Amino acid sequence: MSPKEVLEFAIANGAKQVDVRFTDLPGVQQHVSYPISELDESSFEDGYGFDGSSIRGWAAINESDMLLIPDPATAFMDPFAETPTLVMLANVQDPITRQHYERDPRWIARKAEMFLQNSGLADTAYFGAEAEFFIFDNIRFDQNEHCGFYYIDAEEGRWNSGREENNLGYRPRYKEGYFPVPPTDHYQDLRSEMVQTMLKVGLNIECHHHEVATGGQAEIDQRFDTMVKSADNMMLYKYVIRNVAYQYGKTVTFMPKPLFGDNGSGMHTHQSLWKDGKPLFAGDGYAGLSQMAMWYIGGLLKHARSLAAIIAPTTNSYKRLVPGYEAPVNLAYSRRNRSAAVRIPMYSASPKAKRIEFRPPDPSANPYLAFAAMMMAGLDGVINKMDPGEPLDKDIYDLSPEELKSVPSMPASLEEALSCLEEDYGYLLKGDVFTEELIETYIAYKRKNEADAVRLRPHPYEFALYYDI
């Protein structure tokens, strides 16, 4: 929509409020609302002021004034607001220079798309991300100087939850949630309502199903789209899922590994490059791939350890990235084999369906930063013709120790991933997509607020291990 069409859309839908949204550095969406009378055509030029110093990882207090410039192409009516509310995503600008703010994740993804177009290699990057999540009844957690705990209550859990209703029939066993019909699948209706709400706000949904883990683990698959649009869609996807669950008295988490002993949640990301309406990843090479696709895979695998800090960006991410839970720990590629970091889906022989699937990302990632970083790594592989080596078509977890030595692996912790990013980020700086200042800020924020914060606190299991040492 154009600004004028947005105003007509607001009137037609009886909007009384306008809600302007953006995403902070860790990937949490923020918002501010105004009476609809505060929105006119000039708002799309002048924007709305806000305090950037209060946003995590953003401006210092002495440069805090910023502008939110609504993007009319993102307008929709909020399906959850009691007061009719028009929602738009915004781009962030400096009010003095009117330049885009370099720490705005959406701007970084937009720059990545521009870099791709200017490269001449391709004009479009399509991304399709599959973000998994858990549905719990209740979650309690706390941490202070003398105690720390979490307690999960889930209708689908086979553990004794302490609730009055304690019938353990028709509940999936660990790692066996994929994908029996109801009543073992407790959340068919809930997911269906999530899907219907997503369709209502303009998301294009392909399917939904229960996932492998207990605790109501689920996946709703969106159709692929251009990179920035896919990142926008992922933020809306999360918003809809959380709010529908909340209306049902449930709580959803995109935390990668909330349950010990069960599968975690990934965000497998399908990627392909196109030019002039033609797919560039289809060819007559391995698994029907082109040479460009092989080089793109080479770039992803070469930079995967530094990418980890952005695509698996939490300390909890590395509880998921362990062998034995369908997690792609080892850096290899294969057709069909889901234990490889890069999988080439073989569902269709159509050149338009030819893509690669990168499996290490998880849904705690900021989609703007994650998609942009993955594309920059892949493009670096194309530009420098990086050979991904030989495919690994057997189960990586069944390899002998000798065979496994030759297969590089993902970092084992967030701290290690951040160190890898410090050592390897030149590919992200091309075209000024990421800036050195942003990467330094990101690493410092993650180290201080997450890696170090977790490292400094005693873990409950340490008491079981060491109290009587």
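Per chain, residue numbering runs from 1 following the sequence as it is written. It should be noted that, the model being predicted, local features are given only for residues of pLDDT at least 70 and side-chain atom pairs only at 80 or more, the latter also being counted only at that level, while totals for whole chains, interfaces and linings use all residues. To get the side-chain values, take all heavy atoms of the structure and skip hydrogens and water.

(A) Representation of the overall build of the protein chain within the structure. Every helix listed is a DSSP run of H or I at least four residues long, and every strand listed is a run of E at least two residues long, numbered separately from the N terminus. From N to C terminus, the protein chain includes 13 helices and 18 strands. With the radius of gyration taken over C-alpha atoms, the globule rule is written as 2.2 Å times the number of residues to the power 0.38. A compact globule built from 469 residues would reach a C-alpha radius of gyration of about 23 Å, and the protein chain, at 23 Å, matches this within 12%. Overall, the C-alpha framework of the protein chain stretches about 65 × 60 × 45 Å when taken along its three principal axes. Three labels apply to residues, based on accessible area from a 1.4 Å probe with only protein chains included: buried if under 20% of the type maximum, exposed if over 50%, partly exposed otherwise in between. A total of 469 residues make up the protein chain; the buried ones form 53% of that total. Any two residues having at least one pair of non-hydrogen atoms within 4.5 Å are treated as being in contact. A separation of at least 24 residues holds for 68% of the contacts in the protein chain among residues at least 6 apart in sequence. Here the accessible surface of atoms and residues is derived via Shrake-Rupley with a 1.4 Å probe, and residues count as covered only by protein chains that are part of the display. Roughly 21,500 Å² of accessible area belongs to the protein chain as shown, and the carbon and sulfur atoms make up 51% of that amount.

(B) Main features of the nonpolar core. Side-chain atoms within 4.5 Å are what join buried Ala, Val, Leu, Ile, Met, Phe, Trp, Tyr and Cys residues into a set we call a nonpolar core. Core analysis: the largest hydrophobic core is formed by 120 residues, its most contacted members being Leu86, Phe133, Met194, Tyr237, Met375 and Phe434. Setting aside its immediate chain neighbours within four residues, Phe133 contacts Met194, Gly216, Gln217, Ala218, Glu219, Ile220, Tyr237, Ile241, Val252, Thr253, Phe254 and Ser265. Core analysis: the second largest hydrophobic core is formed by six residues, Phe134, Phe136, Ile152 and Leu259 among them.

(C) Just the pattern of salt bridges, in detail. Whenever a carboxyl oxygen of Asp or Glu lies within 4 Å of a side-chain nitrogen of Lys or Arg, that contact is scored as a salt bridge. All chains considered together, the criterion is met by 19 salt bridges. Of the charged contacts in the structure, one is a salt bridge between Asp78 and Arg21, with a shortest N-O distance of 2.9 Å. Pair noted here: Asp78 is in the loop between strand S5 (76-77) and strand S6 (85-93) and Arg21 is in strand S1 (residues 17-23), with a separation of 57 residues, a long-range link. Among the residues examined, Asp78 registers a relative accessible area of 10% and is labelled buried. Look at Arg21 and you get buried, because its relative accessible area is 7%. For the salt bridge of Glu422 with Arg447, the shortest nitrogen-to-oxygen distance reads 3.1 Å. Separated by 25 residues along the polypeptide, Glu422 in helix H10 (residues 414-423) and Arg447 in helix H12 (residues 436-455) bring together distant segments of the chain.

(D) Geometry of the packing of aromatic side chains. Only rings of Phe, Tyr and Trp enter the pairing, Trp through its six-membered ring, and a pair is recorded when the two centres are within 6.5 Å. The plane angle decides the type: under 30 degrees is stacked, over 60 is edge-to-face, the rest tilted. This structure, assessed with the given rule, holds twelve aromatic pairs. Here the aromatic rings of Phe22 and Phe50 are separated by 5.0 Å at their centres, their planes lie at 45°, and the arrangement is tilted. Separated by 28 residues along the polypeptide, Phe22 in strand S1 and Phe50 in strand S3 (residues 48-51) bring together distant segments of the chain. Here Phe22 and Phe50 have matching classes, each one buried. Between Arg21 and the ring centre of Tyr239, over which it is positioned, the NZ or CZ distance is 4.2 Å. Directly above the aromatic system of Phe254 lies the positively charged group of Lys238, at a separation of 5.2 Å from the ring centroid. Comment: the charge-over-ring label is applied if NZ (Lys) or CZ (Arg) is within 6 Å of the ring centre and within 35 degrees of the ring normal.

(E) Expanded view of the layout of surface pockets. Approximately 800 Å³ is the volume found for the second largest pocket. Think of a 1 Å grid over just the protein atoms. A cavity is a set of points where a 1.4 Å probe fits yet cannot get out, a pocket is an open set with protein on both sides within 12 Å along at least five of seven lines, and lining residues have an atom within 4 Å of a point. Looking at the second largest pocket, it is lined by 39 residues, and the ones nearest its centre are Glu130, Glu219, Asp221, His270 and Glu357. Looking at the lining of the second largest pocket, the elements that each hand over two or more residues are strand S7 (124-136), strand S10 (205-210), strand S11 (218-222) and strand S14 (267-275). Residues of the lining of the second largest pocket, tallied by class, amount to twelve nonpolar, twelve polar and 15 charged. Grid points are joined across faces, edges and corners, and a volume is the space filled by probe spheres set on the points. Any residue outside Ala, Val, Leu, Ile, Met, Phe, Trp, Tyr, Cys, Pro, Asp, Glu, Lys and Arg is labelled polar, Gly included; the first ten of those are nonpolar and the last four are charged.

(F) Spatial organisation of unusual backbone geometry. The step from Pro182 to Pro183 runs through a cis peptide bond, and the omega angle for that step is 10°. Even without being a glycine, Ala287 presents a positive backbone phi close to 55°. Residue class for Ala287 comes out buried when judged on its relative accessible area of 5%. One non-glycine residue, Asp432, adopts positive backbone phi at about 55°.

(G) Quick peek at the environment of Trp295. With respect to the secondary-structure elements, Trp295 resides in helix H6 (residues 291-311). Accessibility expressed as a relative area gives 21% for Trp295, which makes it partly exposed. On a C-alpha basis, the gap between Trp295 and Asn384 in space is 8.0 Å, while along the polypeptide they are 89 residues apart. Beyond its immediate stretch of four places on either side in the chain, Trp295 contacts Gly378, Gly381, Val382, Lys385, Met386 and Asp387.

(H) Molecular detail of helix H8 (residues 367-383). Any helix carries an expected span of 1.5 Å times its number of residues minus one. Helix length check: H8, at 17 residues, gives a terminal C-alpha distance of 24 Å against a target of 24 Å (1.5 Å per residue), a fit within 8%. For this analysis, a polar contact is any N or O atom pair within 3.5 Å, provided that within protein one partner can donate a hydrogen and the other can accept it, and provided that sequence-adjacent residues contribute only side-chain to side-chain pairs. You can read the cap of H8 off the contacts: a side-chain oxygen lies 3.1 Å from the backbone nitrogen of Tyr368, and it is on Asn366.

(I) Spatial organisation of the packing of helix H5 (residues 227-247) against H8. Relative orientation of the contacting elements H5 and H8 amounts to 150°, with a least axis distance of 9 Å. In terms of their interaxial angle, H5 and H8 are classed as roughly antiparallel. Of the two elements, H5 crosses H8, and the hand of that crossing is right-handed. Contact residues: Met227, Val228, Ser230, Ala231, Asp232, Met234 and Met235 in H5; Pro367, Tyr368, Phe371, Ala372 and Met375 in H8. Comment: axis = line fitted to C-alpha atoms, over the contacting stretch for helices; angle = value between 0 and 180 degrees taken between N-to-C directions. Oblique is the label for every angle not falling under 35 degrees (roughly parallel), over 145 degrees (roughly antiparallel), or within 65 to 115 degrees (roughly perpendicular). If you view the pair so one helix is near and one far, a crossing is left-handed when the near helix is turned anticlockwise from the far one by less than a right angle, and right-handed when it is turned clockwise.

Geometry only, nothing functional implied.
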